[in-house]
Each structure stands twice: as C-alpha cells, then as structure tokens.
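Residues per chain are reported as follows:
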Amino acid sequence: MNKRIPVIVISGFLGSGKTTFLRYLLRESNKKFGLIINEFGDVGIDGDLVKSCNGCDDSDEGCIIELNNGCLCCTVQDDFIPSIKSLLNFNPDIEAIIIETSGLALPLPLIQALNWPEIRTSIYLDVVIGIVNGESMLKGSPINDLNEITNQYDELNKIDHNASIDELFEEQLEVSDIVLISRADVLNEKEFKSIKNLIKEKFNSTVPILKSLNGKIDLKYIFDIDLKKNNYKKFISEEHDHNHVELVSDSVKLNYFLDKKEFEKEIANVLSEIDILRIKGRIWIPKKSLPLQIQIVGKKINTWYEEAPLNCWRPIDSGGLELVIISFDSESINKFIKKIKEKFKVLNVLK
Ligand SMILES: Nc1nc2c(ncn2[C@@H]2O[C@H](COP(=O)(O)OP(=O)(O)OP(=O)(O)O)[C@@H](O)[C@H]2O)c(=O)[nH]1
C-alpha cells in the first residue's frame, strides 16, 4: 500500500506573510514538496516568487499548481481535489504537499476537503499554520491601516467590513496548530508579548505562538511530530458559515520609464491619496537585468530585485510595470490606476 503524504496548510490574511514564510520553508528544508498556491487576482505573483525556492525550473512546473480563483474553499470539487490528484500523479516522489491559501480563504472547508474519499487514502492533514501580521496587530487589527480604510468607506456610506474580517481572522486562527506572528523584526519584545497574549486570550489558545522574522522560524515546529496538536479536529464536524469578505481585484500593465526611487516616491504619493489594501507585482527598469519585485501592504512598500520566471509577462524593449491591486471596491482601484497612469511617464497601456 502507498504511504499517505502529509499536507501542510498555510493561512493568514492578505499580506500577513504567507509567501515569505513559504519561501523560507522551501529554502531551508531539504524535501521535495508539491505546492498549491491559491491567490486573489488574475496574475500569479506568489507562484512566481516560490518557483525558484522549490527547486522547480520553468520546464518542471508539475510540482506547483497555481489557482488564481481567489478562494479555494469555494471551488473544492472543481479545483482543489483535481489539483491534489494531479500533484500526486505527476510527482510520485513528493514528500509533502503545501497549500498556501489566499488571504481570503476560510481554511475549514479546505481542511474538511482533505478528508474526502477521493483523496484521503493518499494524503493526510499534517499541520495548519496561521500567520498574523504583527505590525498591524499592534494597532488591534489583522489589516494595516484598517481604520483609515474603513473611514473612507464609511464616508462613501458603503459597507461595514469589520465583522467579516474579524470572522475570517478568527477562523484562520481557531484551526491553526501553530500561529506565527510575522514582522517580529520590527516588534520589540514587549510588543510581541502583548500580541501573543491577545491571541492567547481571544482564542483560548494553547498552541505555539512564534515569532517569524521574514519567514524565519524554528522548523522543528513544522516537522516535529510531537509538537502537533491537530487543533482543527475539534472543528471538523461543525457547521460553519461560509460568508466572505467581499474584495475586488484588477491588474494593470504599463510601458513606462522610471527608476526605483522615482517609482517608490510616486507610488507613496498615490497611496497617500487612495487607500488600497494590497498591491503586488513587478517593474522592469531599463538597463537592470532583474525586475524589481513590488509588495505593498496598506501603505508599506517593499521592493527588491529578483528574477521572474521566463514565461511571465515582460515589456518587449522598454521599461514596464505589472501590478495586481486588491481593494474593498472597484472605485478605488480605478482611481488608483488612473492616478498611476497620470503620474508615471506611461508610453502605452497594455491589457
Ligand atoms: N519586515 C518584515 N516584512 C515582512 C515579514 N513577513 C512578510 N513581510 C513583508 O510583507 C509583505 C507581504 O508579505 P507576503 O509574504 O507576500 O504576504 P502574503 O500573506 O503572502 O500576502 P497575500 O498573498 O497577498 O495574501 C512583503 O513585502 C514581505 O516582504 C517579516 O517578518 N518582516
């Protein structure tokens, strides 16, 4: 009989640090993983960022499946089960499967699906990791700048998103066997402890709550069997609401010339006028051999040069930009795209 393959689930709100942790895990563990990367937005930036870490090159993509449908928990039958089957069929030598859920996915339906008859003889759920943005939790919310963002929507008399964000956050943490507090590098000891206590009290949690410094943790918590709690098991038979935080996303490609400094300055200016939840993508700067990776959470801008896979979009002979933008409503995304077209020396807009 075949050995069952362990499955590791990584969850956490948008921008909490899931891909950063996954990249660390892939680089540091000497294992062959199959990966399912679920993203919100039609351009797979996260998948591109993990390809180089997983030892897969462009000709070996069978071990990474990218699902850009925003919510794996809603497409279990159509996407998730076939993805698990395909990983197992094409990569009989994988030692574990890692699922990075989108920041909007409710982990419970996914966890329950791992027990479906079609796949449960081949795999088993090993550990659920919940990641929390430590910097934003200092302000009392899983999202950076939530107050500013909700003020904007209150003014527009739109919707109150707090309830569903809280529910999503709660479910992500309730089912976790390990909680990682990201951005521990920018927290002092007192701040880390206060967030840890808050999580412990709120969720009556006895699971390990660890510091994650740019994804770095002690990996014995992932691979040491004795430390695992199977915390999700107590929720497995419960009926849960399947309400979602309503978000929208769009993407933009532009041909333009800017350097790194100018880009960061201009984008900070745009973001001082418009609140956007999450932006990711890359820009190609003329004469630079590597693209500049762009990661923005709230107003926090992070950039670095790193290769992108050969099959991703690139401008032909000039500089260019490709961004995925995620927000609570399309109005602010449209405003954002309009602004960057005005501010940057755009040559043409590509769709
Ligand atoms: N300083 C610092 N930055 C971090 C840390 N973890 C993540 N980040 C940054 O936070 C941003 C978002 O991190 P990601 O790992 O892409 O977050 P994510 O949860 O995968 O985001 P989504 O895919 O949008 O849900 C990036 O700019 C990261 O470099 C950390 O521990 N410290």
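Residues numbered from 1 in each chain as written. Predicted model: local features only at pLDDT ≥ 70, side-chain atom pairs only at ≥ 80, totals over all residues.

The protein is annotated in an unreviewed UniProt entry as Putative cobalamin synthesis protein of Prochlorococcus marinus subsp. pastoris.

Participant: Mind showing me how you'd approach the nonpolar core here?
Facilitator: If you look at soluble globular proteins, the nonpolar side chains tend to sit buried side by side. In terms of nonpolar packing, the biggest core is built from 91 residues, with V9 and I97 touching the most fellow members. No other element matches strand β5 (residues 123–133), which puts seven residues into this core. Among the domains, domain 1 (5–235) and domain 2 (248–350) are the pair contributing at least three residues each to this core. If we skip the residues at most four places from it in the chain, V9 touches I99, T101, P107, L110, I111, L125, V128 and I129. (Core = buried A, V, L, I, M, F, W, Y, C linked by C-beta atoms within 7 Å. Buried ≥ 20, exposed ≤ 12 C-beta atoms within 10 Å, placed from the backbone. Helix = DSSP H or I, 4+ residues; strand = E, 2+ residues; numbered from the N terminus. Domains from an automatic or database assignment. Contact = placed C-beta atoms within 7 Å.)

Participant: Would you mind showing me how to read the site of the ligand here?
Facilitator: Taken together, 22 residues lie around the ligand, and G17, T20, G103, Q295 and N302 are the ones closest in. Among the secondary structure elements, those contributing two or more residues to the shell around the ligand are α1 (18–28) and β10 (292–297). A per-element tally of the shell around the ligand places α1 first, with three residues. Residue composition of the shell around the ligand, grouped by class: four nonpolar, 13 polar and five charged. (Near = placed C-beta within 6 Å. Nonpolar A, V, L, I, M, F, W, Y, C, P; charged D, E, K, R; others polar.)

Participant: Mind showing me how you'd approach unusual backbone geometry here?
Facilitator: If a residue is not glycine, its phi is most likely negative; likewise, a peptide bond is most likely trans. At R183, a residue that is not glycine, the phi angle is positive and equals roughly 60 degrees. If you check the backbone angles, K287 has positive phi at about 75 degrees while not being a glycine. Summarising the element assignment, K287 is placed in the loop between β9 (278–284) and β10.

Participant: How should I be thinking about the pairing of strand β6 (residues 178–182) in this particular structure?
Facilitator: The side chains of a regular strand alternate, residue by residue, between the two faces of the sheet. Along β6, five of the five residues are buried, which leaves the element largely enclosed by surrounding structure. Residues I178, L180 and S182 point to one face of β6 and V179 and I181 to the other, with burial holding for every one of them. For β5 and β6, the ladder comprises five bridges, and the chain directions are parallel. Bridge pairing in β6 links V132 to I181. At this point the chain moves from β6, through helix α9 (residues 189–203), to the parallel strand β7 (residues 209–211), and the crossover so formed is right-handed. (Pairing = 2+ DSSP bridges. Right-handed = clockwise from strand over helix to strand, strands pointing away.)

Participant: Where do I start with the packing of helix α11 (residues 260–273) against helix α12 (residues 330–343) in this structure?
Facilitator: When two helices pack together, their arrangement is given by the angle between the helix axes and the distance between those axes. It is at 10 Å that the axes of α11 and α12 come closest, and there the two elements cross at 145 degrees. Crossing angle aside, the handedness with which α11 passes α12 is right-handed. Contacts between α11 and α12 involve E266, N269, V270 and E273 from the first element and F336, K339, I340 and K343 from the second. (Axes fitted to C-alpha atoms, helices over the stretch in contact; angles between N-to-C directions. Left-handed = near helix turned anticlockwise from the far one by under 90°.)

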